[in-house]
Amino acid sequence: MKGVLFALMGGAFITLQSVANARISQDIGMWQTATLTQLTGFLTALLILLATKDRNWREFKNVKPLYLLGGALAALILSSNVVAIQLVGVTVTTSATLIAQLGAAFIIDGKGIFEVPKQDMKLPQFIGIGLMIVGVMILQF
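Once a new chain begins, its residue numbering starts again from 1 and follows that chain's sequence as written. Whole-chain, interface and lining totals are the exception, using all residues; otherwise, since this is a predicted model, local features are given only for residues with pLDDT of at least 70 and side-chain atom pairs are given and counted only at 80 or more. Hydrogens and waters are ignored; side-chain quantities use all the structure's heavy atoms.

**Student:** So what about the overall build of the chain? Which residues, and what values?
**Tutor:** Starting at the N terminus, helices and strands are each numbered in turn, a helix being any DSSP run of H or I of at least four residues and a strand any DSSP run of E of at least two. A tally of regular secondary structure across the chain gives five helices and zero strands. Going from the N terminus to the C terminus, the chain shows its helices and strands as α-α-α-α-α. Counting only residues that meet the buried cut, the chain has 13% of its 141 residues in that class. It only takes one pair of heavy atoms within 4.5 Å for two residues to be counted as in contact. Counting only contacts in the chain whose residues sit at least 6 apart along the sequence, the fraction spanning at least 24 positions is 58%. Put simply, the chain shows about 10,600 Å² of open surface, and 72% of that area lies on carbon and sulfur atoms. In the chain, 10 positive and 6 negative side-chain charges are present, and the distance between their average locations comes to 4 Å. Any residue under 20% of the maximum accessible area for its type is buried, any over 50% is exposed, and the rest in between are partly exposed; the area is computed with a 1.4 Å probe on protein chains only. Here, Shrake-Rupley sampling with a 1.4 Å probe gives the accessible areas, and only protein chains in the shown set may cover a residue. Charge convention: Lys and Arg are scored as positive, Asp and Glu as negative, and His as well as the terminal groups of each chain are ignored. A charged residue contributes its charge at one atom only: NZ of Lys, CZ of Arg, CG of Asp or CD of Glu.

This is how it looks when you write it as structure tokens:
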């Protein structure tokens, strides 16, 4: 249950951040917004790190280089959401984003990519993603 609560909070925070970024980008530009957002995110994470006194940096060397690109993906996520919100609005952007996330997660789980334990994907999972796609198509009309 705790995991679901954190997932719900994360989803709400992503939507709030996307809307704020879309608004800020109208005033200062998309890449300026991305820079500002990444900087404030870094500072917030650093403050939390310092507050929790978790100083275990020795394990950093064990992280695979590919996974270190995760932070760079944030700039692409941010810019994609900013443009999408400006073009199709918050609801359709969020819905399409969820479908893309589920689709990617479906592939990652089904294939066991990134050292994630492989999951069996069955008809109910396919139906669920299909229903979400139909829902987004309905939202567009």
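**Student:** Talk me through a nonpolar patch on the surface; I want residue IDs and the actual numbers.
**Tutor:** Here a patch means residues that are over 30% exposed by relative accessible area and free of salt bridges, tied together within 9 Å if like-charged and within 5 Å if nonpolar (Val, Leu, Ile, Met, Phe, Trp, Tyr). The term salt bridge refers to a pairing of a side-chain nitrogen on Lys or Arg with a carboxyl oxygen on Asp or Glu at a separation within 4 Å. The grouping of Trp57, Phe60, Val63, Leu66, Tyr67, Leu68, Leu69, Ile107, Ile113 and Phe114 at the surface amounts to a nonpolar patch, some 1,000 Å² of accessible area in total. Position of phenylalanine 114 relative to the elements: it lies in the loop between α4 (90–111) and α5 (123–140). Residue classification places phenylalanine 114 among the partly exposed positions, given a relative accessible area of 45%.

**Student:** A description of the pattern of salt bridges should follow, citing residues and the corresponding values.
**Tutor:** All told, the structure shown has two salt bridges when counted by the stated rule. Here aspartate 27 and arginine 23 are joined by a salt bridge, their closest N and O atoms 3.2 Å apart. A residue pair is termed a helical-turn pair when its members lie 3 or 4 positions apart in one helix, as aspartate 27 and arginine 23 do in helix α1 (residues 2–28) at four residues. Judged by relative accessible area, which is 57%, aspartate 27 ranks as exposed. Using a relative accessible area of 45% as the deciding quantity, one classes arginine 23 as partly exposed. As a salt-bridge pair, glutamate 115 and lysine 64 come within 2.3 Å of each other at their nearest N and O atoms. Linking glutamate 115 in the loop between α4 and α5 with lysine 64 in the loop between α2 (30–52) and α3 (70–88), this pair joins segments that are 51 residues apart in sequence.

**Student:** Could you give me a rundown of the packing of aromatic side chains, with the residues and numbers involved?
**Tutor:** Pairing of aromatic rings covers Phe, Tyr and Trp, the last counted by its six-membered ring, and requires centre-to-centre distances within 6.5 Å; plane angles under 30 degrees mean stacked, over 60 mean edge-to-face, and any other angle means tilted. The final tally for this structure, using the stated rule, is two aromatic pairs. Relative to phenylalanine 126, the ring of phenylalanine 106 lies with its centre 4.8 Å away and its plane at 70 degrees, an arrangement referred to as edge-to-face. Here phenylalanine 106, found in helix α4, pairs with phenylalanine 126, found in helix α5; they are 20 residues apart in sequence, far enough to count as distant. Relative accessible area serves as the criterion here: at 15%, phenylalanine 106 is assigned to the buried category. When its relative accessible area of 49% is taken as the criterion, phenylalanine 126 is described as partly exposed.

**Student:** Give me the lowdown on unusual backbone geometry, citing residues and values where you can.
**Tutor:** Working note: non-glycine residues mostly have negative phi, and peptide bonds are mostly trans. Phi at phenylalanine 114 takes a positive value of approximately 60 degrees, unusual for a residue other than glycine. Its identity is not glycine, yet glutamate 115 carries a phi of approximately 65 degrees, on the positive side. Owing to a relative accessible area of 57%, glutamate 115 belongs among the exposed residues under this scheme.

**Student:** Kindly report on the packing of α1 against α2, identifying the contributing residues and their values.
**Tutor:** Comment: axis = line fitted to C-alpha atoms, over the contacting stretch for helices; angle = value between 0 and 180 degrees taken between N-to-C directions. Two elements in contact, α1 and α2, have axes separated by 8 Å at closest approach and are oriented at 130 degrees. In this view, α1 runs oblique relative to α2, as classed from their interaxial angle. The way α1 lies across α2 gives a crossing that is right-handed. Contacts from Gln17, Asn21, Ile24, Ser25 and Ile28 of α1 reach α2 at Met30, Gln32, Thr33, Leu36 and Thr37. Polar here means any residue other than Ala, Val, Leu, Ile, Met, Phe, Trp, Tyr, Cys and Pro, which are nonpolar, and Asp, Glu, Lys and Arg, which are charged; Gly is therefore polar. Class assignment for the residues of the contact of α1 with α2 results in four nonpolar, six polar and no charged. Small angles under 35 degrees read as roughly parallel and large ones over 145 as roughly antiparallel, with 65 to 115 read as roughly perpendicular and the rest as oblique. Here a crossing is taken to be left-handed if its near helix is turned anticlockwise relative to the far helix by less than a right angle, and right-handed if that turn runs clockwise.

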